[in-house]
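Each chain, written out:
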Amino acid sequence: MISVVESYEYCVGVAKARAKNFYYSFLVLPKQKRLAMCAVYAFMRECDDLSDEAGATRIALDGWREQLDLALDGGEVAHPIWPAFVDSVVRYRIPRSYLYDMIEGVTSDLSFSQPQSFQDLYQYCYRVAGVVGLTITHIFGFQSAKALEMAEKCGIAFQLTNILRDVGEDAGLGRSYLPMDLMQQYGVGEEDLKKGKVSPRLHALLEDLGKRAREYYQFSRPMIEMVDRDSRSSLWALIEIYSRLFGRIEASGFEVLRARHRLPTWEKLSIVAMAAVK
């Protein structure tokens, strides 16, 4: 069994190596909160990796949930993330239900089916991203329950941004997160997703999803002033990074079939520098 300190070191290594957007926003947090963010990220990453493994089944993720319960109940579990993760969950009073929802979210990808409606898509986004927003808000610290409502919508905005960015890549893998009811509404078929250029009808659908994402960004931004003062710079940086990514997608005319939009590292570091000044 590794120590809590060693476990945190492991989680920091995972976050540094794999948290493409999140890790930069962690840098302006106080040390303990930064470590907790890395522990939560490592937990989410392991969930994703288990669901992505060749031949992955629900059994593997059910086993991960059993490990979660055992670790939170004080038992010894071999994986190196657990001591740090449990310390963070207890320290910041993170509800266990959020963690179950995260696991359920990645489990749903094992038997993927295209969402029938935007409500179905929202539920998926809630489980894989909305609960992440709720979880990290407990680490940031907050006083008003309104902050949690905003945190959920912020996570949804981030996931909609990811979905918009990955439309072309997902189509190449034979899947689509675009709701069937919106595809029918705008007359979009599978052939629209296989073209090299976004058709007018697909553009209209993506613009519809983009409008919803933009509204969620706008709704959640006041949350920055509602978290603990020592966390505001980090939350500002996180929202700024994702909203700029969304802005690039929007500015391209939602041209997401031929290119995968991203922010360069220098721009993320620039945002973190501005956050530190704030």
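Our subject is the structure that appears above.
Here's what I pulled together on the structure shown here. (Residues numbered from 1 in each chain as written. Predicted model: local features only at pLDDT ≥ 70, side-chain atom pairs only at ≥ 80, totals over all residues. Heavy atoms only, no water.)

The angle between the axes and the distance between the axes are what describe a pair of packed helices. For the pair helix H8 (residues 146-165) and helix H12 (residues 200-220), the least separation of the axes is 8 Å and the interaxial angle reads 150°. Taken as axis vectors, H8 and H12 run roughly antiparallel relative to one another. Regarding H8 and H12, the two cross each other, and that crossing is left-handed. Along the contact surface, H8 presents Lys146, Glu149, Met150, Lys153, Cys154, Ile156, Ala157, Phe158, Leu160, Thr161 and Leu164, while H12 presents Leu206, Leu209, Gly210, Arg212, Ala213, Tyr216, Tyr217, Phe219 and Ser220. In the contact of H8 with H12, the residues fall into 13 nonpolar, 3 polar and 4 charged. (Axes fitted to C-alpha atoms, helices over the stretch in contact; angles between N-to-C directions. Helix = DSSP H or I, 4+ residues; strand = E, 2+ residues; numbered from the N terminus. Parallel < 35°, antiparallel > 145°, perpendicular 65-115°, else oblique. Left-handed = near helix turned anticlockwise from the far one by under 90°. Contact = heavy atoms within 4.5 Å. Nonpolar A, V, L, I, M, F, W, Y, C, P; charged D, E, K, R; others polar.)

Here we take up the environment of Val28. One can find Val28 in the loop between helix H2 (22-26) and helix H3 (31-52). Along the chain, Val28 and Ser3 lie 25 residues apart, while their C-alpha atoms are 25 Å from each other. Excluding residues within four positions of it along the chain, Val28 makes contact with Asp230, Ser233, Ser234, Val272, Ala275 and Ala276.

Within the structure shown, the criterion is met by 14 aromatic pairs. These aromatic residues form a ring-pair network of at least three members: Phe22, Phe158, Tyr217, Tyr242 and Phe246. For Arg65, the ring lying beneath its charged end belongs to Tyr100, and the centroid distance is 3.7 Å. For the cation-ring pair, Arg212 lies above Phe118, with the distance from its terminal atom to the ring centre recorded as 4.3 Å. (Phe/Tyr/Trp six-rings, centres within 6.5 Å; stacked < 30°, edge-to-face > 60°. Lys NZ or Arg CZ within 6 Å of the ring centre and 35° of its normal.)

Looking now at the nonpolar core. The biggest cluster of nonpolar side chains holds 100 residues, and the ones touching the most others in it are Phe43, Leu68, Trp82, Leu99, Leu178 and Leu206. Setting aside its immediate chain neighbours within four residues, Trp82 contacts Ser7, Phe43, Trp64, Gln67, Leu68, Ala71 and Val77. (Core = buried A, V, L, I, M, F, W, Y, C linked by side-chain atoms within 4.5 Å. Buried < 20%, exposed > 50% of the residue type's maximum accessible area, 1.4 Å probe, protein only.)

Moving on, we get to helix H4 (residues 58-72). With 15 residues, H4 ought to run about 21 Å at 1.5 Å a step, and its terminal C-alpha atoms sit 21 Å apart, in line with that. Where H4 is concerned, the buried positions are Leu61, Trp64, Leu68, Asp69, Ala71 and Leu72. Seen from one end, H4 has its buried residues packed into an arc of 165°, which puts them on one side. Across H4 from its buried face, at more than 90 degrees, point the exposed residues Ile59 and Glu66. In the stretch just after H4, Gly74 is the one whose phi turns positive, near 95°. (Expected span 1.5 Å × (residues − 1). Arc of directions from axis to C-beta.)

By secondary structure assignment, the location of Gly172 is in helix H9 (residues 167-172). Given the relative accessible area of 68%, Gly172 is considered exposed.

A separate point is helix H6 (residues 96-108). Owing to its 3.6 residues per turn, the α-helix brings residues three or four apart onto one side. Given a rise of 1.5 Å per residue, 13 residues ought to cover 18 Å, and the 19 Å separating the end C-alpha atoms of H6 matches this to within 8%. Where H6 is concerned, the buried positions are Tyr98, Leu99, Tyr100, Met102, Ile103, Gly105, Val106 and Thr107.

Moving on: unusual backbone geometry. Even without a glycine there, the phi angle at Arg93 is positive, about 50°. Secondary-structure assignment places Arg93 in the loop between helix H5 (82-91) and H6. Exposure remark for Arg93: the relative accessible area of 71% places this residue in the exposed category. The phi angle at Phe254 is positive, at roughly 55°, despite the residue not being glycine. Summarising the element assignment, Phe254 is placed in the loop between helix H13 (232-251) and helix H14 (265-277).

For the structure on display, the rule yields 0 disulfides. Cys11 carries a free sulfur, and the closest cysteine sulfur to it, the one in Cys38, is 7.6 Å from it. Here Cys47 is not cross-linked by a disulfide; its sulfur's nearest cysteine counterpart is in Cys11, at 12 Å. Of the residues examined, Cys47 reaches a relative accessible area of 1% and is grouped as buried. (Disulfide = S-S within 2.5 Å.)

The contact between H12 and H13 brings their axes to 11 Å, and the two run at 155°. In terms of axis orientation, H12 runs roughly antiparallel to H13. Of the two possible hands of crossing, H12 and H13 adopt the one that is left-handed. Contacts from Gly210, Ala213, Arg214 and Tyr217 in H12 reach Ile239, Tyr242, Ser243, Phe246 and Glu250 in H13.

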